[in-house]
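# Fold and geometry: a report
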Amino acid sequence: MTDKTSNQMWGGRFAAGPDAIMEAINASIGFDKRMAAQDIAGSRAHAAMLAATGVITDSDAEAIREGLLTVLSEIEGGSFVFSTALEDIHMNVEARLKEVIGEPAGRLHTARSRNDQVATDFKLWVRDQFDAAEQGLLALIRALLGQAEAGADWVMPGFTHLQTAQPVTWGHHMMAYVEMFGRDLSRVRDARARMNESPLGSAALAGTSFPIDRHMTAAALGFDRPTANSLDAVSDRDFALEFLSVASICAMHLSRFAEELVIWSSAQFRFVILSDRFSTGSSIMPQKKNPDAAELIRAKVGRIFGANTALMMVMKGLPLAYSKDMQEDKEQVFDAADNWMLALAAMEGMVRDMTANRPSLAAAAGSGFSTATDLADWLVRVLGLPFRDAHHVTGSLVALAEKKGCDLPDLSLDEMQSAHAGITADVYGVLGVENSVNSRQSYGGTAPAQVRAQIARWKEMLA
């Protein structure tokens, strides 16, 4: 069977035969060219170190430095021609460097391998994304603090099971997301610190016999230290997995908030008004204002979760050290990073622009017997009832109010006393929504004073 016949099953795209198939499956330049700046930064640090340790001459190092700057300028200017035949960003840069400066380019790869080179490039790229995520989270947290400060004493319903539970404040609800995204910020910083070790100089897997200075290249690239084991250094992708894990948890938080914004902006709730900048109209229904940005944020979590799972599957069965499977790490991380940064920016914009509908929030705050727990607490605190008995008394009064089609404060004192003779008129003092939220003075509670204290704490931390 001829090559031409056997390759008909692949279709016209691979009509050139097995070489074309291998080139297509082996090449990564289509996506890893995104690491061009990191690759050139790593090569510049490596060349400077080789000269400092006497492995190459100063003149060769200077030629490499200038040549790499030329290549970077071409890439950034859009004139650089990437070649699939050269497989990846590393070989594309090195080949062009040779065209620019000639023979000294061949000395750049002394005492390193593509294995430690790609690990270094990828770490640098992921570290940049952690830094971008940190800035995105800080902007979102500040936007939430602005909303919380404006509405620290605005009452609204708190929910469990999406059923009215107890009154809370708008500020308290916003601060719940500050805490969530604050944990995300902590994870970003923690993961970035843990990954900040340089693989450069680990070479293929065993280190090198050249008298290199790995501490010098680590410092030049902003790493805290070089990695301590060359086998681990070239085969480690924990930093990418941690990036995806942190992104996944944050995306889940973004999705939860997006879900609330979708619900809150509906005609049935009318809790918030989203700005036109983050909403769209309907092609057929002129009255519609769709929370498309929130819905798309809610969907992004699937892509980010998927990337996390995909890279776990790539890495789970790999023996030490490097395997070509690991070329499949970058596309997942690139896509997740793009979507995470976009979701953070969109959520920050929505939060900063949205308007809370205070009258609707207040009207809903007192519905659904939201102060029933306050009544039960009063029965315990004032009449000394065991909480379970107070719960039963309150439940009977809720049933009575439900039967009458009114709320708890609308029941007469006689009706209250029909459930327990000890109830006095003082009970009405705890049944108002404002009284309810003001009474929740425990640390971290919804009382406006507590909310403002937490806002001040966060402002001080961010400052």
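Residues numbered from 1 in each chain as written. Predicted model: local features only at pLDDT ≥ 70, side-chain atom pairs only at ≥ 80, totals over all residues. Heavy atoms only, no water.

### Section: helix H6 (residues 89-101)
- In this model, H6 (13 residues) spans 18 Å end to end at C-alpha, consistent with the 18 Å of a helix rising 1.5 Å per residue.
- For H6, the complete set of buried residues consists of Ile 89, His 90, Asn 92, Val 93, Glu 94 and Leu 97.
- In this structure, the buried side of H6 is in contact with helix H3 (29-32), helix H4 (36-52), helix H5 (58-77) and helix H7 (114-150). (Helix = DSSP H or I, 4+ residues; strand = E, 2+ residues; numbered from the N terminus. Expected span 1.5 Å × (residues − 1). Buried < 20%, exposed > 50% of the residue type's maximum accessible area, 1.4 Å probe, protein only. Contact = heavy atoms within 4.5 Å.)

### Some points on the packing of H7 against helix H8 (residues 170-195)
- The interhelical angle for the contact between H7 and H8, taken along N-to-C directions, is 165°, at an axis separation of 9 Å. Between H7 and H8, the angle is such that the two are roughly antiparallel. In the packing of H7 onto H8, the handedness of the crossing is left-handed. (Axes fitted to C-alpha atoms, helices over the stretch in contact; angles between N-to-C directions. Parallel < 35°, antiparallel > 145°, perpendicular 65-115°, else oblique. Left-handed = near helix turned anticlockwise from the far one by under 90°.)

### Structural notes on the pattern of salt bridges
- Tallied over the entire structure, the rule returns 27 salt bridges.
- A salt bridge links Asp 184 to Arg 187, with the shortest nitrogen-to-oxygen separation between them at 3.0 Å. A residue pair is termed a helical-turn pair when its members lie 3 or 4 positions apart in one helix, as Asp 184 and Arg 187 do in helix H8 at three residues.
- Taking the relative accessible area as the measure of exposure, Arg 187 reaches 27% and is therefore partly exposed.
- Across the pair Glu 259 and Arg 298 runs a salt bridge, and its minimum N-O distance is 2.5 Å. Of the two residues, Glu 259 is situated in helix H11 (residues 238-264) and Arg 298 in helix H12 (residues 292-315); the sequence distance between them amounts to 39 residues.
- Residue classification places Glu 259 among the partly exposed positions, given a relative accessible area of 32%. (Salt bridge = Lys/Arg side-chain N within 4 Å of Asp/Glu carboxyl O.)

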